[in-house]
Amino acid sequence: MKVLKTAERFGKKFLTSLIKLFIKQDNLTTSDIDPTEVTRIIIVHLDRKIGNLILSTPLFEATNKVFVNATIDIVIASPVKVLIDSNPFIQNIYEFNHTGFIRNPFKLFSLLSAVRKNNYQIAIESSNPSGTSFLNGFVTYLTKAKYRIGFIGGGGELFTNIHNLPDKNDHYFLSKQK
């Protein structure tokens, strides 16, 4: 098991180095965004844990309050989709089926194509701030949004161009540190 973990870490470091060669990032800030001009936002939440989705739900209402003219959509993991089916702040839900995409990668391309057609201006990568997700970041990048917002750490920041540092005084963040 230890050998597999070492191989996984090496593979991630190698892949990260390779990605940095090909992806050019513009470093932007939230002040570059005019909330009144934003009409399309997508939130990427591929975490399959119910608790992490529950902790992310205030994001939906807060985003709606800041970007009053925007339609908010979400790409969400299949197992937790049912929890937001009736959320009043989310207009369209794109279901991300991890195992289904492994079995049939063409379904993944179809999903990404449907998302990209919407020309989102903002994509929010909503991973857990103490362990951001490489996959969440990559899907956020593939949305083609000009502003891609996410946390620093875990590899997801390779694909976002507006980075937030987690609040170290936040209890949830501190409880995850060991």
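Residues numbered from 1 in each chain as written. Predicted model: local features only at pLDDT ≥ 70, side-chain atom pairs only at ≥ 80, totals over all residues. Heavy atoms only, no water.

Draft legend 1. Examining the overall build of the protein chain more closely. On a plain count of helices and strands, the protein chain comes out with six helices and six strands. The helix and strand sequence of the protein chain, counted from the amino end, reads α-β-α-β-β-α-α-β-α-β-β-α. Across the 178 residues that make up the protein chain, the buried fraction comes to 37%. Relative to all contacts within the protein chain whose residues are 6 or more apart in sequence, the contacts with residues 24 or more apart total 61%. Summed over its atoms, the accessible surface of the protein chain is roughly 10700 Å², and 59% of this surface lies on carbon and sulfur atoms. (Helix = DSSP H or I, 4+ residues; strand = E, 2+ residues; numbered from the N terminus. Buried < 20%, exposed > 50% of the residue type's maximum accessible area, 1.4 Å probe, protein only. Contact = heavy atoms within 4.5 Å. Areas by Shrake-Rupley, 256 points an atom, 1.4 Å probe, with all protein chains shown as cover.)

Draft legend 2. Geometry of the side chain of Asn-52. The topology assignment puts Asn-52 in helix α2 (residues 50–66). At a separation of 2.5 Å, a polar atom in the side chain of Asn-52 contacts the side chain of Asp-47. (Polar contact = N/O pair within 3.5 Å; in protein donor to acceptor, adjacent residues only side chain to side chain.)

Draft legend 3. Broad picture of the pattern of salt bridges. Considering all chains together, one arrives at three salt bridges under this definition. Among the ionic pairs, Glu-61 bridges to Lys-65, the shortest N-O distance being 3.5 Å. A residue pair is termed a helical-turn pair when its members lie 3 or 4 positions apart in one helix, as Glu-61 and Lys-65 do in helix α2 at four residues. On the basis of relative accessible area, Glu-61 is assigned to the partly exposed category, the value being 35%. For the salt bridge of Asp-85 with Lys-81, the shortest nitrogen-to-oxygen distance reads 3.0 Å. (Salt bridge = Lys/Arg side-chain N within 4 Å of Asp/Glu carboxyl O.)

Draft legend 4. Inspection of the side chain of Asn-87 at higher detail. Looking at the secondary structure, you find Asn-87 in the loop between β2 (71–77) and β3 (92–96). The class for Asn-87 is buried, based on a relative accessible area of 16%. Separated by 2.8 Å, the side chain of Asn-87 and the backbone nitrogen of Phe-89 make a polar contact.

Draft legend 5. Structural view of helix α5 (residues 134–142). Of the residues making up α5, those classed as buried are Asn-136, Gly-137, Val-139, Thr-140 and Leu-142. Contacts made by the buried residues of α5 are with β1 (40–45), β3, α4 (105–116), β4 (122–125) and β5 (147–151). Of the residues trailing α5, Lys-144 is marked for its positive phi of about 70 degrees.

Draft legend 6. Representation of the environment of Lys-49 within the structure. Here Lys-49 lies in the loop between β1 and α2. With relative accessibility at 54%, the residue Lys-49 sits in the exposed group. C-alpha of Lys-49 to C-alpha of Ala-77: the two residues are 28 residues apart in sequence and 9.1 Å apart in space.

Draft legend 7. Just the confidence of the model for the protein chain, in detail. Of all residues in the protein chain, 86% attain a pLDDT of 70 or more, and the chain-wide mean is 81. Low pLDDT, under 50, characterises residues 173–178; the stretch is placed with 10 contacts to residues that sit more than four places away or in other chains. (pLDDT = per-residue confidence, 0-100.)

Draft legend 8. Main features of the environment of Phe-151. With respect to the helices and strands, Phe-151 occurs in strand β5. Phe-151 gets classed as partly exposed once you look at its relative accessible area, which sits at 22%. Sequence spacing of Phe-151 and Ile-162 is 11 residues, and the spatial spacing of their C-alpha atoms is 8.3 Å.

Draft legend 9. Inspection of the nonpolar core at higher detail. Residues Ile-33, Val-38, Ile-41, Phe-60, Phe-67, Ile-74 and Ile-122 are the most contacted members of the largest nonpolar core, which totals 20 residues. Among the elements of the structure, β1, α2, β2, β4 and β5 are those that each provide at least two residues to this core. It is β2 that contributes the most residues to this core, four residues altogether. Once residues within four sequence positions are removed from consideration, Ile-41 is found in contact with Thr-63, Phe-67, Ala-70, Thr-71, Ile-72, Asp-73, Tyr-120, Ile-122 and Ile-124. Of all hydrophobic cores here, the second largest spans 15 residues; its members include Val-75, Leu-112, Ala-123 and Val-139. (Core = buried A, V, L, I, M, F, W, Y, C linked by side-chain atoms within 4.5 Å.)

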